[in-house]
Amino acid sequence: AQTVTQSQPEMSVQEAETVTLSCTYDTSESNYYLFWYKQPPSRQMILVIRQEAYKQQNATENRFSVNFQKAAKSFSLKISDSQLGDTAMYFCAFMNGAYNNNDMRFGAGTRLTVKP
Amino acid sequence: NAGVTQTPKFQVLKTGQSMTLQCAQDMNHEYMSWYRQDPGMGLRLIHYSVGAGITDQGEVPNGYNVSRSTTEDFPLRLLSAAPSQTSVYFCASSYSGGGFGQYFGPGTRLLVL
């Protein structure tokens, strides 16, 4: 079974600075997807960014970017120009790319606090 | 579009009672899933469906039942509630293949006494 590990339970960053959240995963599959989700205090799960394993180019979405290292099975999230609204739990998730599969596995999460 | 909706928002049950958590989506998504979220842990998959009439077990299926008679609805049934099922439950849906990410409902908080 695939596992996802987030080794940083909590992190903090000053407003406008850059922070990187770590994620590693374990799989024997070659076709898969990786995601970062944000969960603010409202509890709503929000998709931040996604990466397809067969794409070597790292995904970017505005201030959010990833560093995808397939050989190392690492998928870190970089948040640039941190804003107070980025304060939330962040979850890394893995999904096997097999047809008719909807089995998504999540890490335990990293609580990020952005300080003014 | 309402997206993914869940009812109720909060429920208190006594041990041994049964109940159904409702989930509906209006995006015509083929795939739907149920997760539970416990303190200090990420979301864990309970059951999922890749289309009407098709369901499969996830990571923690024991004590829960699902069925998918329509594309829009995916109810989760607790057969005999136990205190260990106290949790926040999330329903999610996605396009076929799931690689585009899942859309989540607002969650149902369940307390079993």
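Residues numbered from 1 in each chain as written. Chains lettered and ligands numbered in written order. Predicted model: local features only at pLDDT ≥ 70, side-chain atom pairs only at ≥ 80, totals over all residues. Heavy atoms only, no water.

### Let's talk about the interface of chain A and chain B
Rules: Contacts between residues were defined by any pair of non-hydrogen atoms, one from each residue, lying within 4.5 Å. Buried area: the accessible surface (1.4 Å probe) lost by two parts on joining, summed over both. Each salt bridge in this description consists of a side-chain nitrogen of Lys or Arg and a carboxyl oxygen of Asp or Glu lying within 4 Å of one another. Any pair of nitrogen or oxygen atoms within 3.5 Å is treated as a polar contact; in protein, a donor-acceptor pairing is required on top of that, and neighbouring residues in sequence qualify only through side-chain atoms on both sides. Numbering of helices and strands starts at the N terminus; helices are DSSP runs of H or I of at least 4 residues and strands are runs of E of at least 2.
In this assembly, 20 residues from chain A lie in contact with 29 residues from chain B. Carbon and sulfur atoms make up 50% of the area that chain A and chain B hide from each other, which totals about 1,900 Å². Arg105(A) is paired through a salt bridge with Glu59(B); the nearest N and O atoms lie 3.8 Å apart. Where chain A packs against chain B, one counts three residue pairs in polar contact (both at pLDDT 80 or more). Every element with two or more residues in the side of chain A that touches chain B is listed here: strand S5 (32–39), strand S6 (46–52), strand S10 (88–96) and strand S11 (104–106) of chain A.

### Side note on unusual backbone geometry
Note: most peptide bonds trans; most residues except glycine with negative phi. Selection criterion: Each residue is placed in one exposure class: buried if its accessible area under a 1.4 Å probe, protein chains only, is under 20% of its type's maximum, exposed if it is over 50%, and partly exposed if it falls in between.
Note the cis peptide between Thr7(B) and Pro8(B), where omega equals -5°. Even without glycine at this site, Arg43(A) takes up a positive phi of about 80°. Examined against the element boundaries, Arg43(A) turns out to sit in the loop between S5 and S6. The backbone of Lys73(A) shows a phi angle near 55°, a positive value even though the residue is not glycine. Inspection of the secondary structure assignment puts Lys73(A) in the loop between strand S8 (64–69) and strand S9 (74–79). Assessed through its relative accessible area of 26%, Lys73(A) is described here as partly exposed.

### Examining the sheet that holds strand S7 (residues 64–66) of chain B
Backbone hydrogen bonds hold the strands of a sheet together, and the pairing may be parallel or antiparallel. Residue and element names in this part refer to chain B. The criterion, for reference: Two strands are counted as paired when DSSP detects at least two bridges linking them. Axis definition: a line fit to C-alpha positions, over the contact stretch in the case of helices; interaxial angles, taken between N-to-C directions, run 0 to 180 degrees.
In space, the four strands of this open sheet follow the order S1-S3-S8-S7, with antiparallel pairing throughout. A single partner strand is all that each edge strand has here, and the edge strands are strand S1 (4–7) and S7. Taken pair by pair, the neighbouring strands of this sheet meet at an average axis angle of 20°, ignoring direction.

### Some words on the pairing of strand S5 (residues 43–51) of chain B
All names here are of chain B. Among the nine residues of S5, eight are classified as buried, and the element is accordingly described as predominantly covered. Of the strand pairs in this sheet, strand S4 (residues 31–37) and S5 are connected by six bridges, and their pairing is antiparallel. Looking at the pairing, Ser33 lines up with Tyr48 of S5. The antiparallel hairpin formed by S4 and S5 contains five residues in its connecting segment, where Gly40 sits at a positive phi of about 80°. The pairing of S5 with strand S6 (residues 54–57) spans four bridges and is antiparallel. Among the inter-strand pairings, His47 is bridged to a residue of S6, identified as Gln57. Counting the residues in the hairpin turn of S5 and S6 gives two residues, including Gly53, whose phi is positive at 85°.

Function cannot be read off these values alone, since they describe shape.
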